[in-house]
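Chain by chain, the residues run as shown.
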Amino acid sequence: MKNLYFKSQNWSFFLILLFSGNLLVYAQNKFETINTEDDIISIKTSENNLKIEFCTPSIVRVRISKTNKFKSNEPYMVTRYNWEKVNLKREETSDKLSYTTSKLKLEIQKSPFKLSIFDLQGNILSEDVITQDSDSKTNNIVSKKLQADEHFFGFGERMDFLDRRGKSVHLEVGRGIGKPHIIGAYNVLEANYSPVPFFMSTKGYGIFYHTSYPSDWDMGKTDPEIYSFSSQDPEVDYYFIYGPDLPNILDHYTSITGKSPMLPKFAMGLHVGTYSGGTWGHEEETSANYPVSLVEKFRQYQIPIDVLHLDSTWRMFGENGGSGATTFEWRETFKNTEQMFDSLYALNLNAVGLHVRPRFDNGKKLRLLDEAREAGYVYPEPNNKGEFVNFFDEDAVNWWWENGAMRVAEQGAMFFKTDEGSAFGRKANESDKTGPQGEEIKALHNVFPVAYAKAPFTKYQDYNGIRGMNHTREGYAGIQRYPFIWAGDWPSEWQYFEPVIKAGLNIGMSGVGYWSHNMGGFEHVADPELYIRWCQFGFFSPISHLFGMEHPNYKEPWNYGEEAQKIFKQYDDFRYSLIPYIYSTAYQNHKTGMPLMRALVLDYQEDPNVYEITDQYLFGESMMICPVVTKGAKTRVVYLPEGEWTNYWTGETFKGKQYLNVLCPIEEMPIFIKSGAIIPSQEVQQFVGEKEIDTITLDVYPGIDSEFYLYDDDGKSLDYENGKFSLTKITLESNQNSAKISINIPEGDYKIDKRNYLVRVHENFSQATLNGNSIKSENSSEENIVNFKISESDNAVLELSK
């Protein structure tokens, strides 16, 4: 079994650890010796051994061990351990030692030993809290002084709160346990499908606690002047990350744990899940014809769709694990499944996938569980009763792929929906099974979902010859490398709608840019109004995913009435028109870690009014989305941050730093456009790649200077990783009386033909020139909008004046 990093360790020691921007201290701990090699400082104190590594001028890694041994580097959470040399200025006095980079200063106090971190202006970024005793004999506790106006964001896909100041949280992959589900699985306080041991502080720094153990965080709940975090991990290992702005912190964090790859361009379109006509309890109604008929109906109603997945009832529920395991054997009700895949691709779907779980099972014909046990490819459990695929073992992954997954990949499946990764070492969602137990599992449970998602992502990527895509419920630090996450199966009730939005905001501030949810909710027939409002939000989520369990409606839009179907198509068309904007924003996520769905605090870090806003967010950099989360609402209150904002529906412009009460008829989800916005769009397609796009529309909102990079590549291959893409820089310079819009020559190795642009300027101007020549505006039926057509140009300057 290839699992060296997580080999069980029986170190047992009592330790009270205290945090000072970067280091943990004892009240009696004293400095003894120091050794510096490259950018790693090794320190021996009277109590501990420490390694302090300057990864970059803004990132410092601190490791502390009671012994002189440190764990090997692991591959699941962190992808980069080798860093370029950092220039350090070293200064020493009799009682202090300091190291200064171009971004921060680390100061070591020799007795009692402690570290402090300052910015270059001398402002302390954090300060030790020194105590004499520990009230924990099992956990290593890190404590730090909490500043008066400090607020914390991140921690993964949490559904309870946005700002964690004054609150506590336990980070362990899973969900609430207990029946009925309304107090167990549907308890938003315990929903923990993708926890991430990382936060960002409004004081300009972040902490990534590099541990796979379950961890507890007290962010000022017990003592309003102290925050702490702890786990049973025998080694303390964390990264101090200086911003000072939150987007920089996210960029640095994802440089440690890995950037999200580019998904195929078609993944920006609509994803639909189906129980193939028969959810649980109705399995006999499933068939291979149902998915085909479903997609035919989408095409008939001209509702764009690109991706379909068949959920759990496609497969035979086995004799050992039932619905909670995977036989890779088709249910008998599915006839001619290869023809089903052919028909679905003939309907121009770009990808079809299948739902799986991480445990092997025996079907009627396939005995994969027996064979895997005999070959040693399940994770070991007593008496050879293991069921989980050992996704930590490359040989086991290969066996799972060749003997299970390939059976459906060869027929046409192009990705998996990987579910129930939380059941490894914890009670399963759908049964009383718990999976492997023991000390070793404490360090494996949280990272199992990452290893689980990695396997089909990489295997299908190699097999399909295009970019990978994996649809998964659970995750942990690093899961952004194998996108995408969905929020879990929340009932179609108003009380769960806003918590799902919080989940998207929190996971975005935890390094995960691609995220989705079940539009309209999952279980129960939705109130048609809730269905409409949830789907409006869903089409402005990073991934738009429609899926429900209720028989026989299944969240299909035509089953919720004519109005719901009309509005569903309206917003689906809206999303497909915005694919150039969404795809370019996905590239920003790939390069910087900035999510597609952005909590307002990411852009307005100094505005305390946004810290608790859980029902508004930026979609990309320019569109503020304001879902309506109250049943029967005719208006809703919207907060406008600093700047100027235009109501998308009415064209009215408002100053920021104020609250508005805005109308929200059922067909309108409030949307506000930021001053300076440049929003590219295109003709609506029924699927990505349906036709060549020769005209890009640019909606431009003058007011402040800005720029936008329009991203292009082939949409499928991995060539973008080698630089085969292009960026078209579009700039806006504007003042009260004039505006200048420049469309630059595309740069990069991916060649695009000259294309047309329709520039829609959302302000009245009476005169215009294009490349110095007078130009007349196109006719526009919309007030305060002037249109200019630029034909087959790759370098244009449009100058406007009043």
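Description of the structure in this document. (Residues numbered from 1 in each chain as written. Predicted model: local features only at pLDDT ≥ 70, side-chain atom pairs only at ≥ 80, totals over all residues. Heavy atoms only, no water.)

### Side note on the overall build of the protein
- Each helix and strand in the protein was counted, giving eleven helices and 44 strands.
- Since a compact globule built from 802 residues should have a radius of gyration of about 28 Å, the 27 Å found for the protein is in line with a globular shape.
- Each of the three principal axes of the protein carries a C-alpha extent, and together these read 80 × 70 × 50 Å.
- By the burial criterion, 63% of the 802 residues in the protein qualify as buried.
- Partitioning the contacts of the protein with sequence separation of at least 6, the portion at a separation of at least 24 is 69%.
- A total of about 29,500 Å² of accessible surface is found on the protein, and carbon and sulfur atoms cover 45% of it.
- Side chains of the protein give 81 positive and 109 negative charges; the mean places of these two sets differ by 3 Å. (Helix = DSSP H or I, 4+ residues; strand = E, 2+ residues; numbered from the N terminus. Rg over C-alpha atoms; globule rule 2.2 N^0.38 Å. Buried < 20%, exposed > 50% of the residue type's maximum accessible area, 1.4 Å probe, protein only. Contact = heavy atoms within 4.5 Å. Areas by Shrake-Rupley, 256 points an atom, 1.4 Å probe, with all protein chains shown as cover. Lys, Arg positive; Asp, Glu negative; His and termini not counted. Charge placed at Lys NZ, Arg CZ, Asp CG, Glu CD.)

### Notes on unusual backbone geometry
- A cis amide bond links S111 with the next residue in sequence, P112, at an omega value of -10 degrees.
- Here P112 shows up in the loop between strand 7 (104-110) and strand 8 (113-119).
- Cis geometry marks the peptide bond from G243 to P244; its omega dihedral reads 0 degrees.
- Mapped onto the elements, P244 comes out in the loop between strand 17 (236-242) and helix 1 (246-257).
- For F328, which is not glycine, the phi torsion reads 60 degrees and is therefore positive.
- With respect to the secondary-structure elements, F328 resides in the loop between strand 19 (307-310) and helix 3 (337-346).
- Owing to a relative accessible area of 4%, F328 belongs among the buried residues under this scheme.
- The phi dihedral of N336 is positive, around 55 degrees, even though this residue is not glycine.

### Regarding a negative patch on the surface
- Together, E692, D694, D753 and E792 line one region of the surface with negative charge.
- In this fold, D753 is placed in the loop between strand 39 (747-748) and strand 40 (755-761).
- Owing to a relative accessible area of 70%, D753 belongs among the exposed residues under this scheme. (Patch = residues over 30% accessible without salt bridge, like charges linked within 9 Å, V, L, I, M, F, W, Y side chains within 5 Å. Salt bridge = Lys/Arg side-chain N within 4 Å of Asp/Glu carboxyl O.)

### Thoughts on the pairing of strand 21 (residues 415-418)
- Both faces of strand 21 are covered, namely the face carrying F415 and K417 and the face carrying F416 and T418.
- The pairing of strand 20 (residues 351-356) with strand 21 spans four bridges and is classified as parallel. Bridge pairing in strand 21 links H355 to K417.
- Pairing analysis gives two bridges linking strand 21 to strand 22 (residues 471-472), with the strands arranged parallel. Looking across to strand 22, one finds that T418 is bridged to T472. (Pairing = 2+ DSSP bridges.)

### Focus: the side chain of R357
- Among the secondary structure elements, R357 is positioned in the loop between strand 20 and helix 4 (368-375).
- Assessed through its relative accessible area of 4%, R357 is described here as buried.
- Within the local environment of R357, its side chain forms a polar contact with the backbone oxygen of S323, the two atoms lying 2.7 Å apart.
- A distance of 3.3 Å separates polar atoms of two side chains, one belonging to R357 and the other to D419. (Polar contact = N/O pair within 3.5 Å; in protein donor to acceptor, adjacent residues only side chain to side chain.)

### Focus on the pattern of salt bridges
- Using the criterion set out here, one finds 42 salt bridges in the structure.
- With a shortest N-O distance of 3.8 Å, R63 and D237 are connected by a salt bridge. Residue R63 is found in strand 4 (residues 59-65), and its partner D237 is found in strand 17; the two are separated by 174 residues along the sequence.
- Residue D699 is joined to R760 by a salt bridge in which the shortest nitrogen-to-oxygen separation is 2.8 Å.

### Looking at the environment of L250
- Tracing the backbone shows L250 in helix 1.
- The sequence separation of L250 and F199 amounts to 51 residues, and the corresponding C-alpha distance is 9.5 Å.
- The residues contacting L250, other than those within four sequence positions of it, are F198, M200, G508, M509, S510, G511, T592, G593, M594, P595 and L602.

### Description of empty space enclosed by the protein
- Taken as a whole and assessed by the stated rule, the structure comprises four cavities of 30 Å³ or more.
- The volume enclosed by the largest cavity comes to roughly 50 Å³.
- Along the walls of the largest cavity sit P264, F266, A351, M414, F415, N464, I466, R467, G468 and M469, which together make up its complete lining.
- When its residues are assigned to classes, the lining of the largest cavity shows seven nonpolar, two polar and one charged. (1 Å grid on protein atoms, 1.4 Å probe; cavity = no way out; pocket = protein on both sides within 12 Å on 5 of 7 lines; lining within 4 Å. Points joined across faces, edges and corners; volume = space filled by probe spheres on them. Nonpolar A, V, L, I, M, F, W, Y, C, P; charged D, E, K, R; others polar.)

### Let's talk about the packing of helix 8 (residues 494-508) against helix 9 (residues 528-538)
- In the contact formed by helix 8 and helix 9, the axes pass within 11 Å of each other and the chain directions differ by 5 degrees. As judged from the angle between their axes, helix 8 and helix 9 are roughly parallel. Touching W494, Y496, F497, V500 and I501 of helix 8 are E529, L530, R533, W534 and F537, all from helix 9.
- A per-class count over the contact of helix 8 with helix 9 returns eight nonpolar, no polar and two charged. (Axes fitted to C-alpha atoms, helices over the stretch in contact; angles between N-to-C directions. Parallel < 35°, antiparallel > 145°, perpendicular 65-115°, else oblique.)

### Remarks on the sheet that holds strand 10 (residues 140-145)
- Across the sheet, which stays open at both edges, the four strands sit in the order 10-16-15-12 with antiparallel pairing between neighbours. In this open sheet, the two strands that pair with only one neighbour each are strand 10 and strand 12 (168-171). Between one strand and the next, the sheet's axes are offset by a mean angle of 10 degrees, whatever the strand orientation.
- Two strands pair when backbone bridges link them, and strand 15 (residues 215-218) and strand 16 (residues 226-231) are joined in this way by four bridges, in the antiparallel orientation. By the bridge assignment, D218 is partnered in strand 16 with S228.

### Quick word on the nonpolar core
- Membership of the largest hydrophobic core comes to 205 residues, with the highest contact counts inside it found for F208, F298, W400, F540, F568, M623 and V759.
- Take this core: its biggest share by element is nine residues, from helix 5 (residues 394-409).
- Setting aside chain neighbours within four positions, we find F540 in contact with Y571, F574, R575, L578, Y617, F619, M623, I625, M669 and I671.
- In this structure, Y99, L104, Y209 and Y238 belong to the second largest nonpolar core, which totals 36 residues. (Core = buried A, V, L, I, M, F, W, Y, C linked by side-chain atoms within 4.5 Å.)

### Quick word on the sheet that holds strand 34 (residues 678-681)
- The strand order across the open sheet formed by four strands is 34-35-40-43, and the pairing between neighbours is mixed. Of all strands in the sheet, those with a lone pairing partner are strand 34 and strand 43 (786-793), marking the two edges. Between one strand axis and the next, the sheet turns by 20 degrees as a mean value, whatever way the strands run.
- Of the strand pairs in this sheet, strand 34 and strand 35 (residues 695-700) are connected by four bridges, and their pairing is antiparallel. If you follow I679 over to strand 35, its bridge partner there is D699.

### Digging into the packing of helix 2 (residues 289-300) against helix 3
- The geometry of helix 2 relative to helix 3 is characterised by a closest axis approach of 9 Å and an angle of 5 degrees between their N-to-C directions. In terms of their interaxial angle, helix 2 and helix 3 are classed as roughly parallel. Here helix 2 contributes P291, V292 and V295 to the contact with helix 3, which in turn contributes M340, S343 and L344.
- Taken together, the residues of the contact of helix 2 with helix 3 sort by class into five nonpolar, one polar and no charged.

### Here we look at the pairing of strand 10
- Of all the six residues making up strand 10, five are buried; the element is thus mostly covered by neighbouring parts of the structure.
- Note that strand 10 and strand 16 share six bridges and pair antiparallel. Counterpart to N140 in the pairing with strand 16 is S231.

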